[in-house]
Amino acid sequence: MTVPQLPSADGVWTDLTLAPEACAPGSAALSDAALVVTEGHIAWLGLRADLPTTYADLPRHDGLGALATPGLVDCHTHLVYASQRANEFAMRLAGASYEDVARAGGGIVSSVRATRAASEDELLAQTAPRLQALLDEGVCAIEIKSGYGLSLEHERAQLRVARRLGAQFGVTVRTTFLGAHALPPEYAGRSQAYIDLVCEEMMPALAAEGLVDAVDVFCERIAFSLAETEQVFRAAQALGLPVKLHAEQLSDMGGAALAARYGALSCDHIEHLSAEGIAAMRQAGTVAVLLPGAYYFLRDTHLPPIAALRAAGVPMAVSTDHNPGTSPTLSLLLMMNLACTLFRLTVPEVLAGVTRHAAEALGLRQSHGSLAAGRPANFVLWPLQDVAELPYWLGHKPSCTIVRQGRVARIAGRD
Ligand code: DI6
Ligand code: FE
């Protein structure tokens, strides 16, 4: 499947309102604004009245009064896998816990079985509609983790599919190697041997193939220990790869403080994050990635320490955590709503959470997450009056215009 070449977004986009926070932290809304795109990059933005005359002859695109935000960034997904796990949802509704399901041989390893059995083309075909759904809501950069292969061959397939999707859809994809997601069945009882394989064979080989932008671990009592996590971080560091961590989702393992010591880009989930973890993250500049979809879907009740993160000034991002077990959502807008209703994020916080801070969690702060001259043109024109409408509408997908990587990927009203 090849996505046809999309039209260029070059020209002057007029009659826009730049959303607050769109350009920089605390930047005010700007109405009657214009934005100039040349060669796929933002060349200028500001009040239409101030448009430099050098751009006067460029083609015009009528923004129709839309609200312009940076392209959204989904900074934590497990998008590439085969099949689905609705049966486990049914089990949990009948009383089983997530940990019960995992211990009974379901959970992550059931997705591993299905993913290993699928060819790369099948994985791509199953993942493409999921990616399309996220892109249709204005996602312009996305992180995709491996972790359902758990062998060199099958992790490679997942990461290759992630790269192919980025090329086919014209979207920025950051790949994360999550070989330490779960213990593969053939290593049952031999966790150390598997972590050695991850560190000594899988990670170096996949990195050498250019398939790894970052390294992640599921540090949890049902997954990998703190010591095993550190071994993976050391291997990543030796290869010059940045790290991130699934930390303190079900219990306080001290993972966040460890990750911060390795300069982690982000710590994700963090429902059980301690004051010590917060202090370490603040010092290291590590982003806190909030995943309200998993919190909601698992019917969790232990809130992440939002007020303390806010008080400490730790940047907070919001993401889908799309995965077949605990967060089968394909709507970052819905996650914005959940982050506000469940976690009490404010509108400016949740906006920064899916733009600037999400880009930071991927090491993409220079190119994504805010609007500025010189950056690749990634922006969304929403048919909305108030930026608070983004988290406000519950399960509504506004018909927006999307400019992704300098191309007009979608035009409002022409769906
Ligand atoms: N934390 C999660 O919530 C997911 N992975 C992880 O490390 C669960 C993934 C799954 O159940 O398939
Ligand atoms: Fe996850």
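Residues numbered from 1 in each chain as written. Chains lettered and ligands numbered in written order. Predicted model: local features only at pLDDT ≥ 70, side-chain atom pairs only at ≥ 80, totals over all residues. Heavy atoms only, no water.

Caption draft 1: Layout of the domain arrangement of the chain. In terms of domains, the chain is made up of domain 1 (11-70 + 370-410) and domain 2 (72-84 + 114-361). With 25 residues of domain 1 in contact, the opposing surface of domain 2 contributes 25 residues. In total, domain 1 and domain 2 occlude about 1,900 Å² of area from one another, counting both sides; carbon and sulfur atoms represent 62% of this. If you sort the residues of domain 1 by the area they bury against domain 2, Glu21, Pro391 and Arg404 come out on top, with a joint share of 30%. Our count for the domain 1 to domain 2 interface comes out at two salt bridges. Remark: the boundary between domain 1 and domain 2 carries eight residue pairs in polar contact (both at pLDDT 80 or more). Looking at the side of domain 1 that touches domain 2, the elements with two or more residues in it are strand E4 (60-70), strand E13 (379-382), helix H15 (389-392) and strand E14 (401-404). Among the residues making up the side of domain 1 that touches domain 2, the classes are represented as 16 nonpolar, five polar and four charged. (Domains from an automatic or database assignment. Contact = heavy atoms within 4.5 Å. Buried area = accessible area lost by both parts, 1.4 Å probe. Salt bridge = Lys/Arg side-chain N within 4 Å of Asp/Glu carboxyl O. Polar contact = N/O pair within 3.5 Å; in protein donor to acceptor, adjacent residues only side chain to side chain. Helix = DSSP H or I, 4+ residues; strand = E, 2+ residues; numbered from the N terminus. Nonpolar A, V, L, I, M, F, W, Y, C, P; charged D, E, K, R; others polar.)

Caption draft 2: Broad picture of the coordination of the iron ion (ligand 2). Donor atoms from the polypeptide that coordinate the iron ion (ligand 2) comprise His76 (NE2), His78 (NE2), His246 (NE2) and Asp321 (OD), at 2.1 to 2.3 Å from the metal. Of note is the iron ion (ligand 2), whose four donor atoms meet at the metal with angles of 80 to 165 degrees in an arrangement that counts as irregular. One chain supplies every donor for the iron ion (ligand 2), spaced along it as H-x1-H-x167-H-x74-D. With His76 in the loop between strand E5 (72-74) and helix H1 (86-93) and Asp321 in the loop between strand E12 (316-318) and helix H12 (332-341), the pair connects residues that are 245 residues apart, well separated along the chain. Neither His76 nor Asp321 differs from the other in exposure class; each is buried. (Donors = N, O, S within 2.8 Å, 3.2 Å for Na, K, Ca; no water. Tetrahedral: all angles 85-135°; square planar, octahedral: opposite > 155°, others 65-115°. Buried < 20%, exposed > 50% of the residue type's maximum accessible area, 1.4 Å probe, protein only.)

Caption draft 3: Inspection of the site of ligand 1 at higher detail. Around ligand 1, the structure places 14 residues, and the nearest of them are Arg85, Tyr98, Tyr148, His181 and Thr326. Contact between ligand 1 and Tyr148: an oxygen atom at 2.6 Å from a side-chain N or O atom of the residue. Take His181: an N or O atom from its side chain is 2.8 Å from a nitrogen atom of ligand 1. Starting from 320 Å² of accessible surface for ligand 1 in isolation, the protein chains cover 100%. (Near = heavy atom within 4 Å. Areas by Shrake-Rupley, 256 points an atom, 1.4 Å probe, with all protein chains shown as cover.)

Caption draft 4: Main features of the environment of Thr127. Structurally, Thr127 can be placed in helix H4 (residues 120-135). Sequence separation of Thr127 and Phe379 is 252 residues, and the distance between their C-alpha atoms is 24 Å.

Caption draft 5: Broad picture of the nonpolar core. If you look at the biggest cluster of nonpolar residues, it comprises 115 residues, and the most contacted ones within it are Trp13, Leu35, Ile142, Val232, Leu345, Phe379 and Trp382. The element contributing the most residues to this core is helix H6 (residues 191-208), with eight residues. Counting the residues that make up this core, at least three belong to each of domain 1 (11-70 + 370-410) and domain 2 (72-84 + 114-361). With residues up to four places along the chain from it excluded, the contact list for Leu345 reads Leu290, Ile306, Arg310, Met316, Val318, Ala339, Cys340 and Val350. By size, the runner-up hydrophobic cluster in this structure holds 12 residues, among which are Val287, Ala317, Ala361 and Leu364. (Core = buried A, V, L, I, M, F, W, Y, C linked by side-chain atoms within 4.5 Å.)

Caption draft 6: How the structure looks around the sheet that holds strand E2 (residues 30-38). The sheet built from seven strands is open, its strands ordered E3-E2-E1-E4-E13-E14-E15 with mixed pairing. A single partner strand is all that each edge strand has here, and the edge strands are strand E3 (41-47) and strand E15 (407-410). Here the average twist between neighbouring strands, direction ignored, is 35 degrees. With six bridges connecting them, strand E1 (residues 11-18) and E4 associate as parallel partners. Of the residues in E4, the one forming a bridge with Leu18 is Ala68. (Pairing = 2+ DSSP bridges. Axes fitted to C-alpha atoms, helices over the stretch in contact; angles between N-to-C directions.)

Caption draft 7: Just the packing of aromatic side chains, in detail. The full count for this structure, using the stated rule, is eight aromatic pairs. Look at Trp13 and Phe379: their rings are 5.6 Å apart centre to centre, the planes differ by 85 degrees, and that puts the pair in the edge-to-face class. Highlighted residues: Trp13 in strand E1 and Phe379 in strand E13, separated in sequence by 366 residues. For the pair formed by Trp13 and Phe379, the shared burial category is buried. Both rings, one in Phe89 and one in Phe297, keep their centres 4.9 Å apart while their planes meet at 15 degrees; by these two values the pair is stacked. Of the two residues, Phe89 is situated in helix H1 and Phe297 in helix H10 (residues 292-297); the sequence distance between them amounts to 208 residues. Overall, Phe89 belongs to the partly exposed group, its relative accessible area being 35%. You can call Phe297 buried: its relative accessible area is 17%. (Phe/Tyr/Trp six-rings, centres within 6.5 Å; stacked < 30°, edge-to-face > 60°.)

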